[in-house]
Amino acid sequence: MKEKQPSIFESLIVFGITLAIIALGLEFFLVNKNKDGKNYDIEMWKYSRQLKKISDNPKLGHEHIANKKALLQNTEIRINSLGMRGAEPDNIKPKFLILGSSITLGWGVEESKIYPEILQEKLADKYEVLNAGIGNYNSVREIEAFFAKYQDLKPKTILLSYFVNDAEIIPAPKRNWLLENSQLAVTLWSRLEQIKRKFGVQESFEEHYKNIYQDDYPGWLETQAAFNRLADYALKNDTRVIVTMIPDIHNLENYPFDFIHSKIKQVSAQNNFEYIDFLDSFKNINNQEELWAMPGDPHPNELGHAMMAEQILDYLTRSF
C-alpha cells in the first residue's frame, strides 16, 4: 500500500515546530552563556528591562525606576528615589548636579570609582554631588529632565556632560515583544546592524557624525535650543553651568571628531557656559582600550573616570 505523503500544510507545521525547538535551544544556550556578564549588548538589554521604564513625559522617552538596583556587567547599579545612581540626597548642602548619559551614569564601573562619586568625595565640604546620568539620553533629554524633574533642587552648579553623539535624534520607544524578551532576538539584531554597517548599507560612524552636525540637521538645532533654554535658566537663577566634552574613545590616536568639539566649545561660549574638554586628558593614552570598561565596550573604565574627575577638580580649583 502506498504511504500517504504529508500535505504542504502538515510540512509547514513540522517545519515551524522544528524552528521553534531550535530557537528555544539557542535561547537557552545564550542565557547560560551570557551569565558571565561580559556580553555588552545583553547587559544593556538587561539594563533597559530591569532599571528603566517608559516615561510619562514623551520628551524623555524613558527614565529610571526609582529605588531599584541591578547587577549589570558584573557591577551593581543602584537607583535612588530621585531616579539617580547613588545614595539618597541629604537635602541640606547646595547641589552640584551632573546631567549626562551612560558615561556619567558610570556604566561598567563601581559606584565609588565613577567621576561623580570622586567629585562628591573631594567637594563634600561645599556641595552634594548628584548623578543624573541615564543611559541612551542626549543633551535635549538631559536638559528636559532637569526642567521636568530636578529644577526644584535649585543646584548652584550644573555640569552638563556632552558626548559626541548627543545631537542624534532619539526615536520614541516602540514596544517589540521579541527584543524585550529574547536574548536570541537581541543578538541577531545586533549582528545584523554590524553587517549593515560593515558592507555600507548603513553609513559609517564618521559619516553619521558629519551628517548630524550639519547646520540644518533637526537634532543639532534641537540641541542648540536646549542649550539656550538652560542658559536662560542659569542667568535668571545665578546658576553656574559647565559643559564637559566627552570624546569617543574608539580611536584616540587619529581622532576624527575634533570638529564636534569645536562646535560644542563655540555653542558653550555663546551661552556663557564654561567648558572642559576631556580629550585633553585622554589623547595622551597610547592604547585607547586601556580606558575601555571591558573588551567590546568603549565606555570609560575606572581609569577613565579618575582622569575625568582629576581634570574637573583641577579646573574647579583654578576657577573657584
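Before going into details, it helps to say that this report is about the structure given with it. (Residues numbered from 1 in each chain as written. Predicted model: local features only at pLDDT ≥ 70, side-chain atom pairs only at ≥ 80, totals over all residues. Heavy atoms only, no water.)

Digging into the overall build of the chain
In step 1: Assigned secondary structure in the chain consists of 12 helices and 11 strands.
In step 2: A principal-axis box enclosing the C-alpha atoms of the chain has dimensions of 95 × 40 × 40 Å.
In step 3: For the chain, buried positions account for 48% of its 320 residues.
In step 4: Considering only residue pairs separated by 6 or more positions, the chain has 73% of its internal contacts joining residues 24 or more positions apart.
In step 5: Here the chain displays about 17300 Å² of accessible surface, and carbon together with sulfur accounts for 54% of that area. (Helix = DSSP H or I, 4+ residues; strand = E, 2+ residues; numbered from the N terminus. Buried < 20%, exposed > 50% of the residue type's maximum accessible area, 1.4 Å probe, protein only. Contact = heavy atoms within 4.5 Å. Areas by Shrake-Rupley, 256 points an atom, 1.4 Å probe, with all protein chains shown as cover.)

A closer look at the packing of aromatic side chains
In step 1: A full pass over the atoms with the stated rule returns 12 aromatic pairs.
In step 2: Ring geometry for Tyr47 against Trp107: centres 5.5 Å apart, planes inclined by 45 degrees, an arrangement best described as tilted. Taken together, the residues span a long stretch of sequence, with Tyr47 in helix H2 (residues 40-51) and Trp107 in the loop between helix H3 (102-105) and helix H4 (115-123) at a distance of 60 residues. Of the two residues examined, Tyr47 and Trp107, each falls in the buried class.
In step 3: Here the aromatic rings of Phe146 and Phe147 are separated by 5.1 Å at their centres, their planes lie at 70 degrees, and the arrangement is edge-to-face.
In step 4: By the ring-pair criterion, three or more aromatic residues cluster together here, those being Phe146, Phe147 and Tyr233. (Phe/Tyr/Trp six-rings, centres within 6.5 Å; stacked < 30°, edge-to-face > 60°.)

Notes on empty space enclosed by the protein
In step 1: Throughout the structure, instances matching the rule amount to one cavity of 30 Å³ or more.
In step 2: If you add up the space inside the largest cavity, you get close to 80 Å³.
In step 3: Of all the secondary structure elements, the ones that give two or more residues to the lining of the largest cavity are strand S2 (62-64) and helix H5 (139-150).
In step 4: With four residues, the single largest contributor to the lining of the largest cavity is H5.
In step 5: The residue inventory of the lining of the largest cavity, partitioned by class, reads six nonpolar, three polar and three charged. (1 Å grid on protein atoms, 1.4 Å probe; cavity = no way out; pocket = protein on both sides within 12 Å on 5 of 7 lines; lining within 4 Å. Points joined across faces, edges and corners; volume = space filled by probe spheres on them. Nonpolar A, V, L, I, M, F, W, Y, C, P; charged D, E, K, R; others polar.)

Here's the deal with the nonpolar core
In step 1: Core analysis: the biggest nonpolar cluster contains 76 residues, and Phe96, Leu119, Phe146, Tyr162 and Ile264 have the highest contact counts within it.
In step 2: Non-local contacts of Tyr162, meaning those with residues more than four positions away in its chain, are made with Ser139, Ala167, Tyr213, Trp220, Thr223, Phe227, Val243, Thr244, Met245, Ile246 and Ile264. (Core = buried A, V, L, I, M, F, W, Y, C linked by side-chain atoms within 4.5 Å.)

So, the packing of H4 against helix H12 (residues 302-319)
In step 1: Packing of H4 against H12 leaves a shortest axis separation of 8 Å and a crossing angle of 40 degrees. By the criterion of interaxial angle, the relationship of H4 to H12 is oblique. The chirality of how H4 crosses H12 is right-handed. Contacts from Tyr115, Ile118, Leu119, Lys122 and Leu123 in H4 reach His305, Ala306, Met308, Ala309, Ile312, Leu313 and Leu316 in H12.
In step 2: Partitioned by chemical class, the residues of the contact of H4 with H12 number 10 nonpolar, one polar and one charged. (Axes fitted to C-alpha atoms, helices over the stretch in contact; angles between N-to-C directions. Parallel < 35°, antiparallel > 145°, perpendicular 65-115°, else oblique. Left-handed = near helix turned anticlockwise from the far one by under 90°.)

Some points on the sheet that holds strand S8 (residues 240-246)
In step 1: Taken in spatial order, the five strands make up an open sheet running S6-S5-S7-S8-S9, and their pairing is parallel. Edge positions in the sheet fall to strand S6 (128-131) and strand S9 (274-277), since each of these pairs with one other strand and no more. Along the sheet, successive strands turn relative to each other by an average axial angle of 20 degrees, direction set aside.
In step 2: Sheet topology places strand S5 (residues 95-99) next to S6; four bridges connect them, and they run parallel. From the neighbouring strand, Leu97 faces S6, where its bridge partner is Leu130.
In step 3: Here H4 sits on the sheet in contact with S5, S6 and strand S7 (157-163), set at roughly 170 degrees to S6. (Pairing = 2+ DSSP bridges.)

Some words on the layout of surface pockets
In step 1: Considering only enclosed or pocket space, the second largest pocket measures out at about 230 Å³ in volume.
In step 2: If you go around the second largest pocket, you meet 17 residues; those closest to its centre are Lys59, Asn138, Val140, Arg141 and Glu222.
In step 3: Those elements that place two or more of their residues in the lining of the second largest pocket are H5 and helix H9 (218-237).
In step 4: With six residues, H9 is the largest single contributor of residues to the lining of the second largest pocket.
In step 5: Across the lining of the second largest pocket, the residue classes tally to seven nonpolar, three polar and seven charged.

Comments concerning the pattern of salt bridges
In step 1: One pass over the structure, following the stated rule, counts 11 salt bridges.
In step 2: Connected through shared salt-bridge partners, Asp90, Lys95 and Glu128 make up one network. (Salt bridge = Lys/Arg side-chain N within 4 Å of Asp/Glu carboxyl O.)

What to know about H5
In step 1: Burial within H5 is extensive, with nine of its 12 residues counted as buried.
In step 2: Residues of H5 that are buried include every one of Ser139, Arg141, Glu142, Ile143, Glu144, Ala145, Phe146, Phe147 and Tyr150, and no others.
In step 3: Buried residues belonging to H5 abut S2, S5, S7 and H9.

Things to note about H12
In step 1: Taking 1.5 Å of rise per residue, the 18 residues of H12 would be expected to cover 26 Å, and the 25 Å separating its terminal C-alpha atoms lies within 8% of that figure.
In step 2: Taken together, the buried positions of H12 are occupied by Gly304, His305, Met307, Met308, Ala309, Gln311, Ile312, Leu313, Tyr315 and Leu316. (Expected span 1.5 Å × (residues − 1).)

Details of the pairing of S7
In step 1: Here S7 lies mainly inside the structure; seven of its seven residues are buried.
In step 2: Taking every second residue as pointing to the same face, both faces of S7 are buried, with Thr157, Leu159, Ser161 and Phe163 on one and Ile158, Leu160 and Tyr162 on the other.
In step 3: Judged from the four bridges that link them, S5 and S7 form a sheet pairing that is parallel. Bridging across to S7, Ile98 finds its partner in Leu159.

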